[in-house]
Each structure stands twice: as structure tokens, then as C-alpha cells.
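Chains, contacts and geometry: an overview
Residues per chain, in single letters:
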Amino acid sequence: RIAAGGRSTCGLTASGDILCWGNSSVAQIGAPTGPFVNLTVGAEHACATRGDESSVCWGSTSWSGAPDPVGATTLPIGQYRQVAVANTTGCQLDVEGHVSCWGGRPVEPPASVFRQISVSEEHACGVLSDSTGACWCAPGDYACEVPAWMGPLAQVAVTNDNVCWLGTGGNIQCSRGADYPPPG
């Protein structure tokens, strides 16, 4: 698995180690020792989840209020299925499917049960346990519209300008953010 952020890229090896390269101005390429099962990279920090469902972040800690740079920072105690980060924003999905976010996110996630999440500085979305989608965004953000006609959803990928949904049948639908409203 490979994950790219604003200034660095990291790869998750078959043995669960993480190798990172790129700009390390705030130690974002100094990954802690694994093994890990999941990886996400933001602009100046990265996070990973271990097999025991604990998570750790490294690089810039501007999202946590701690001084930069700091080595590895453990996320709040709990078990996490997934961590997703953007520039100064991050969200974690716990093993029960609940989402909590930190950093620059101005809007709280809905109190729903999720299977998968994706975040950007502009908005965040996730696939719910019933295979529908939900987003949490600033008012008027066109990217937060979940296409209802797609049917069951398998995955979502979010950038600052787009949200793309993958249906269980392989169909893909992308919507564009407030800077690129849909035609019509």
C-alpha cells in the first residue's frame, strides 16, 4: 500500500514496516517501528494503525497543539480500524464504527456507524454500515451531496475539490466542491 501527502510519500511493506521519502521539514518521513496494517499521509504528518488497532502519528503535530517536530504521537486511547488525515485535519474510525476528528475540521461528523472514511481540509465523507454514504462539510459545499442513485457504496475518496464514490458494482461517481459546482 502507498499513501501520498502534500510533502512526502510513504509505503507499507508486506511485513508491515513503513518507509517514507520526500520533504522531512517536520520529521514526517521518520516513521516509527511497525508492524502496521493501515497508513495515511497528510501534508506534514502521517498516521498508521497497528494490528492491535492502536494508532500512532508522526511529523507535524500542529493538529494536536504540541510543538513541532515531535517523534511519534499516539492518538487518544482506543481501538481504531482506520485513520485518515489531510493537511491539519484528521479523523479516526474506531472498531465500533464511530468517527472522531481533530485539527482544522470545523464541522463534527454525524453520529452514525461507518465502515470507511476519507478526509480533506474542505470536507470529509464516509461509507456507512448500511452501504450508504454521509459527508460532513461546511454549508453550501456541493461535494457533500451523496449520489442516491448509485446504490450500495463500497468506498469513498475525498480531495479538497472532489468526492468520488465507488459503488459495490464498480460504478464511480464524483462530485466537485464549492469551487467547482456541478453544471446546471
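Above this text you will find the structure in question.
Now for a look at the structure at hand. For clarity, every value in this text was computed on a predicted model and none was experimentally measured.

What counts, and where the lines are drawn
- Residues numbered from 1 in each chain as written.
- Predicted model: local features only at pLDDT ≥ 70, side-chain atom pairs only at ≥ 80, totals over all residues.
- Heavy atoms only, no water.
- Core = buried A, V, L, I, M, F, W, Y, C linked by side-chain atoms within 4.5 Å.
- Buried < 20%, exposed > 50% of the residue type's maximum accessible area, 1.4 Å probe, protein only.
- Helix = DSSP H or I, 4+ residues; strand = E, 2+ residues; numbered from the N terminus.
- Contact = heavy atoms within 4.5 Å.
- Pairing = 2+ DSSP bridges.
- Axes fitted to C-alpha atoms, helices over the stretch in contact; angles between N-to-C directions.
- Phe/Tyr/Trp six-rings, centres within 6.5 Å; stacked < 30°, edge-to-face > 60°.
- Patch = residues over 30% accessible without salt bridge, like charges linked within 9 Å, V, L, I, M, F, W, Y side chains within 5 Å.
- Areas by Shrake-Rupley, 256 points an atom, 1.4 Å probe, with all protein chains shown as cover.
- Salt bridge = Lys/Arg side-chain N within 4 Å of Asp/Glu carboxyl O.

1. Comments concerning the nonpolar core
Membership of the largest hydrophobic core comes to 13 residues, with the highest contact counts inside it found for C91, V99, F114, I117, V119 and W136. Among the elements of the structure, β9 (89-94), β10 (99-103), β11 (114-119), β12 (123-128) and β13 (133-137) are those that each provide at least two residues to this core. Here this core takes three residues from β11, the largest share from any one element. Sequence-distant contacts of F114, that is, excluding residues within four places in its chain, are made with R81, L93, G97, V99, G126, V127, L128, S129, A134 and W136. Of all hydrophobic cores here, the second largest spans twelve residues; its members include A3, L12, F36 and V56.

2. Remarks on the sheet that holds strand β2 (residues 8-12)
Taken together, three strands build an open sheet; the order of strands is β1-β2-β3 and the sheet is antiparallel. Taken across any chain shown, the strands that pair with only one partner, and hence form the sheet edges, are β1 (2-4) and β3 (18-22). This sheet shows a mean twist of 15° between the axes of neighbouring strands, independent of strand direction.

3. Considerations on the packing of aromatic side chains
Two aromatic rings, taken as a pair, are described by how far apart their centres are and by the angle between their planes. A complete count under the given rule lists one aromatic pair for this structure. Between F114 and W136 the ring centres are 5.4 Å apart and the planes differ by 70°, which places this aromatic pair in the edge-to-face class. Of the two residues, F114 is situated in strand β11 and W136 in strand β13; the sequence distance between them amounts to 22 residues. Like W136, F114 is buried.

4. Things to note about the pairing of β13
Counted residue by residue, β13 has five buried out of five residues, so it is predominantly covered. Of the two faces of β13, both are covered, the one formed by G133, C135 and C137 as well as the one formed by A134 and W136. Alignment of β12 against β13, held across five bridges, turns out to be antiparallel. Bridge assignment links C125 to a residue of β13, and that residue is C135.

5. Considerations on a nonpolar patch on the surface
Together, I2, L19 and W21 line one region of the surface with nonpolar side chains, adding up to about 340 Å² of accessible area. With respect to the helices and strands, the residue L19 is situated in strand β3.

6. Thoughts on unusual backbone geometry
Here G34 and P35 are connected by a cis peptide whose omega angle stands at 10°. One can find P35 in the loop between β3 and β4 (36-41). A positive phi angle, close to 70°, is found at E53, a residue other than glycine. Of note, E53 is situated in the loop between β5 (45-50) and β6 (55-59). Under the relative-accessibility criterion, E53 is labelled partly exposed at 29%. A positive phi angle is found at S131, which is not glycine, with a value near 70°.

7. Looking at the sheet that holds β12
Ordered in space as β11-β12-β13, the three strands form an open sheet in which the pairing is antiparallel. Strands with a single pairing partner mark the edges of an open sheet, and in this sheet they are β11 and β13. Geometrically, the sheet is characterised by an average inter-axis angle of 20° between neighbouring strands, direction not taken into account.

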